[in-house]
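What the coordinates show
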Amino acid sequence: MRDRRYAHPFRDLRAKLQDATSVCVLTGAGMSAESGIPTFRDAQTGLWANLDPMQLASEEGFRADPQRVWDWYQMRRDGVRQAEPNAGHVALARYAARHPGRMTILTQNVDDLHQRAAARAGEGARIVALHGSILADRWLDACPRGEDLMRRPCEPARAEPGRPPRCPDCGNRLRPGVVWFGESLDYRDLTAAEEAASACDVMLVVGTSGSVWPAAGLAARARHAGAHVVILNTQASEIDDEAHIVLTGSAATLLPRLLDPL
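Residues numbered from 1 in each chain as written. Predicted model: local features only at pLDDT ≥ 70, side-chain atom pairs only at ≥ 80, totals over all residues. Heavy atoms only, no water.

**Section: the sheet that holds strand S6 (residues 202-206)**
Keep this limit in mind: In this scheme, strands are said to pair when DSSP sees at least two bridges between them. Helix numbering and strand numbering both begin at the N terminus, where a helix is a DSSP run of H or I of at least 4 residues and a strand a DSSP run of E of at least 2. In this analysis, axes come from line fits to C-alpha atoms, helices being fitted only over the stretch in contact, and the angle between any two N-to-C directions falls in the range 0 to 180 degrees. Between two residues, a contact is recorded if the distance between any of their heavy atoms is within 4.5 Å.
What the 6 strands build is an open sheet, ordered S3-S2-S1-S6-S7-S8; its pairing is parallel. Taken across any chain shown, the strands that pair with only one partner, and hence form the sheet edges, are strand S3 (126-129) and strand S8 (245-248). With direction set aside, neighbouring strand axes in the sheet form an average angle of 15°. Contacting strand S1 (23-27), strand S2 (103-107) and S3, helix H7 (residues 113-121) runs over the sheet at an angle of about 165° to S3.

Right under this line is the structure:
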């Protein structure tokens, strides 16, 4: 259950963040909302409005209609490229730059806004993109030449233009570098996330509904390991009971208040 002993949550939390040797931040779609990045379902507009999510974000859906899925992701990529990190991204990046090596950001978002904010503020945080990157490509199928030591593996950069692009040698198609429904997280990323959650003094959970696993289990892992867990969100989440404190508000409003100028 939530711990209600904190009469002055901002003051108390700022003190904990000042003294912490390890801070872990888990971010979800709400983190990027004020940058104009729509949630997965909000991005289903126009030609894609009535499609089942499995038709747009699964291997089966891609194989059934590669052009439709590729075009939807191209639309989303255009939006990500036009977006800018908001005050929440900037506050995290600046805190991390002031305290190098102290903060790990675990993001469920597939945009690159944390990375851009960090590049501008000065590197300081480790960023783990649990669900991949929408701006990256990878092959749909395992490269058929990958085990042939006498021949160079197919390179995505050599793909022929198309919707989606194809390898000129083997015909393999490119797909977005995100984790789709039915796919597992990268083992290295998940391991890094679990280790960060287990080792932190403070965990901030920002803008996530707490409904997507295994990321949703990281707050409980941190609390059970002794971390002070704080959830910041505009509405209730499914993991609020894992928090010592729940703060209601947006990332762009709350994070600068908490982190500047710690």
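Moving on, there is more to tell.
**Looking at the UniProt feature "binding site: substrate" (unreviewed entry) in the protein chain**
The line we're drawing: UniProt positions are given in the numbering used here, feature names are shortened, and annotations may be inferred rather than shown by experiment. Think of a 1 Å grid over the protein atoms and nothing else: a 1.4 Å probe that fits but is trapped marks a cavity, an open set flanked by protein within 12 Å on at least five of seven lines marks a pocket, and residues with an atom within 4 Å of a point count as lining. Working definition: with a 1.4 Å probe on protein chains only, accessible area under 20% of the residue-type maximum means buried, over 50% means exposed, and in between means partly exposed.
Mapped onto this structure's residue numbering, the UniProt feature "binding site: substrate" (unreviewed entry) falls at Tyr73 and Arg76. Restricting the annotated residues to those that line the largest pocket leaves Tyr73 and Arg76. Assignment of secondary structure puts Tyr73 in helix H5 (residues 66-82). You can call Tyr73 buried: its relative accessible area is 3%. Setting aside chain neighbours within four positions, we find Tyr73 in contact with Leu56, Ala57, Ile134, Pro176, Val178 and Trp180. Looking at the secondary structure, you find Arg76 in helix H5.

**Quick word on the state of the cysteines**
Applicable threshold: Cysteine sulfurs are considered disulfide-paired once they come within 2.5 Å of each other.
Applying the stated criterion across every chain yields a total of 0 disulfides. Of all cysteine sulfurs, the one in Cys200 lies closest to Cys24, which takes part in no disulfide; the gap is 4.9 Å.

**Overview of the environment of Glu238**
Mapped onto the elements of the fold, Glu238 is located in the loop between strand S7 (228-233) and S8. For the pair Glu238 and Ser211, spaced 27 residues apart in the sequence, the C-alpha separation amounts to 6.2 Å. If sequence neighbours within four positions are ignored, Glu238 has contacts with Ser209, Gly210 and Ser211.

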